[in-house]
Amino acid sequence: MHFIITDAWLARSRAIHLSGPRLLLALAGLSLLLMLSAALMYHWVFLKGAREGWPVVGTLVRLIVKDEFEQRDRYLRENLDAMARRLGEMQAKLVQLEALGERVSGLAGLNPADVKAVPGRGGALVSGRPLTMEELDSTLAELDALADHGSDLLTVVESRLFDQKVRRMMIPTQHPVEGPLGSAFGWRIDPFTGRSALHTGLDFEAHAGTPILAASGGVVVTQELHPAYGNMVEIDHGNGLVTRYAHASRALVRKGDLVKRGQKVAEVGSTGRSTGPHLHFEVLVQGVAQDPMKFLKAGAEVAAAPVLAAGGQRGPKAARQ
């Protein structure tokens, strides 16, 4: 195909020859230019008609916008409904967690009424409606506050239970020796003088060499040979609470040693003011002798174990301090 371009003023002419590939390329470029022009014209007319409210264009715009808004609202509503269902599940789990926290707080010695986070709610469902975004945000804020309260409550309960565990570990409730009770705490006839005298501990019958165990964890504050108590060990458990183990054949700990509950600290003997092998066991609070059996019984009840009977299998002849 040939094109001849003539310039009448300059009296010149120019011939352009288009072969097949060039002609196709030129047609494609022209088509693209026409499409861009039509798109720009349509865009300009559409915007102008929308702004100025042309009847046909305005109606078309409203239909398009309405459809977009409906799709967006439908999408948001579906997501809000899904979030509301998850929110209900979270509320149910937090209520269960709150109930569990109240029960555990009771075990820790806290009053459940003092730690209740929110008042009880209930009633029959009369009607329901979808939640709005504002209501959803408000409910989420309440759940967040409830979760914070539950976390604080469980922290307090954990601290209280830990304190109780430490106190139980420091109270002398471990039976100090395997053997029957020979002489109880209180007034009795002294085996040496034959007169009434206060017995400040418990005498447990046991063979010489029987292990003597620490009734609780603590620090050894005394390990000496006493004229009356013989080879004696004293363990300080804190808060003015001390246990004494007397008449041992030998001590296995020294002053300043840390001992654990149930640790072997000495062996049964008959040193000091004693008529035969046995353990004289005392519990002193602020230096005042207490009945050790109260502590041992309390430990047996906590551990759900039977209390050591005064009967049972007898060992050597009852010894006395």
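Residues numbered from 1 in each chain as written. Predicted model: local features only at pLDDT ≥ 70, side-chain atom pairs only at ≥ 80, totals over all residues. Heavy atoms only, no water.

Q: Quick question: what am I supposed to make of the overall build of the protein here?
A: For the protein, the helix and strand inventory stands at five helices and 14 strands. Split into buried and exposed, the 321 residues of the protein put 28% on the buried side. Considering only contacts within the protein whose residues lie at least 6 apart along the sequence, 63% involve residues at least 24 apart. Total accessible area on the protein stands at roughly 21100 Å², and carbon and sulfur atoms take up 61% of it. (Helix = DSSP H or I, 4+ residues; strand = E, 2+ residues; numbered from the N terminus. Buried < 20%, exposed > 50% of the residue type's maximum accessible area, 1.4 Å probe, protein only. Contact = heavy atoms within 4.5 Å. Areas by Shrake-Rupley, 256 points an atom, 1.4 Å probe, with all protein chains shown as cover.)

Q: For this particular structure, what's the right way to read the pairing of strand β9 (residues 230-236)?
A: Burial analysis of β9 places six of its seven residues in the buried class, the great majority of the element. Connecting the antiparallel pair strand β8 (residues 218-226) and β9 is a turn made up of three residues. Bridge count between β9 and strand β10 (residues 241-251): five bridges; the pairing is antiparallel. Note on β10: the bridge partner recorded for isoleucine 235 is threonine 243. (Pairing = 2+ DSSP bridges.)

Q: Sorry if this is basic, but what is going on with the nonpolar core here?
A: Across soluble globular proteins, nonpolar side chains show a tendency to be buried alongside one another. Core analysis: the biggest nonpolar cluster contains 25 residues, and Phe204, Ile212, Ile235, Tyr245, Val265 and Phe281 have the highest contact counts within it. Of all the secondary-structure elements, those providing two or more residues to this core are β6 (202-205), β9, β10, β12 (264-268), β13 (278-285) and α5 (292-302). (Core = buried A, V, L, I, M, F, W, Y, C linked by side-chain atoms within 4.5 Å.)

Q: Explain the side chain of threonine 210 to me, please; I cannot follow it from the model alone.
A: Within the secondary structure, threonine 210 sits in the loop between β6 and β7 (211-213). Beyond its immediate sequence surroundings of up to four residues, threonine 210 is in contact with Val177, Glu178, Ala266, Glu267 and Val268.

Q: Whenever I open this one, the packing of aromatic side chains confuses me. Can you help?
A: Centre distance and the angle of the planes are the two values used to describe a pair of aromatic rings. For the coordinates displayed, the defined rule picks out one aromatic pair. Pairing tyrosine 245 with phenylalanine 281 gives two aromatic rings, centres 5.4 Å apart and planes at 40°, and the pair type is tilted. With tyrosine 245 in strand β10 and phenylalanine 281 in strand β13, the pair connects residues that are 36 residues apart, well separated along the chain. Note on tyrosine 245: relative accessible area 1%, which makes it buried. Judged by relative accessible area, phenylalanine 281 falls into the buried class, the value being 0%. A cation sits over an aromatic face here: arginine 244 above tyrosine 229, 4.6 Å from the ring centre. (Phe/Tyr/Trp six-rings, centres within 6.5 Å; stacked < 30°, edge-to-face > 60°. Lys NZ or Arg CZ within 6 Å of the ring centre and 35° of its normal.)

Q: I'm lost on a nonpolar patch on the surface in this one. Help?
A: A cluster of nonpolar residues, Leu30, Leu33 and Leu34, forms a patch on the protein surface that exposes about 300 Å² of accessible area. Mapped onto the elements, leucine 33 comes out in helix α1 (residues 20-52). (Patch = residues over 30% accessible without salt bridge, like charges linked within 9 Å, V, L, I, M, F, W, Y side chains within 5 Å. Salt bridge = Lys/Arg side-chain N within 4 Å of Asp/Glu carboxyl O.)

Q: Explain the pattern of salt bridges here, please?
A: One pass over the full model with this rule turns up six salt bridges. Put simply, arginine 273 and aspartate 190 hold a salt bridge, and the shortest N to O gap is 2.9 Å. A residue pair is termed long-range when its members are at least 10 positions apart, and arginine 273 in the loop between β12 and β13 and aspartate 190 in the loop between β4 (186-189) and β5 (196-199) qualify at 83 residues. For arginine 273, a relative accessible area of 28% puts it in the partly exposed group. A cluster of three or more residues bridged by salt bridges with shared partners is formed by Glu234, Arg244 and Glu282.

Q: Where do I start with the pairing of β12 in this structure?
A: In the case of a regular strand, side chains alternate between the two sheet surfaces. Across the five residues that make up β12, a large majority, four, are buried. Where β7 and β12 come together, three bridges link them in antiparallel fashion. Among the inter-strand pairings, isoleucine 212 is bridged to a residue of β12, identified as alanine 266. By the bridge criterion, three bridges tie β10 to β12 in an arrangement that is antiparallel. By the bridge assignment for β12, arginine 250 is matched with glutamate 267.

Q: Please clarify how the environment of leucine 252 should be interpreted in this entry.
A: On the secondary structure map, leucine 252 appears in the loop between β10 and β11 (258-259). Once the C-alpha coordinates of leucine 252 and proline 211 are considered, the two residues, 41 residues apart in sequence, prove to be 10.0 Å apart.

Q: Sorry if this is basic, but what is going on with unusual backbone geometry here?
A: Trans peptide bonds make up the majority, and among non-glycine residues the majority have a negative phi. At histidine 247, a residue that is not glycine, the phi angle is positive and equals roughly 70°. Positionally, histidine 247 belongs in strand β10. Taking the relative accessible area as the measure of exposure, histidine 247 reaches 0% and is therefore buried.

Q: Can you help me understand the side chain of glutamate 282 in this one?
A: Tracing the backbone shows glutamate 282 in strand β13. For glutamate 282, a relative accessible area of 1% gives the class buried. At a separation of 2.9 Å, a polar atom in the side chain of glutamate 282 contacts the side chain of arginine 244. For glutamate 282, the residues in contact, after removing those within four places along its chain, are Thr200, Gly201, Tyr229, Val242, Thr243, Arg244 and Pro292. (Polar contact = N/O pair within 3.5 Å; in protein donor to acceptor, adjacent residues only side chain to side chain.)

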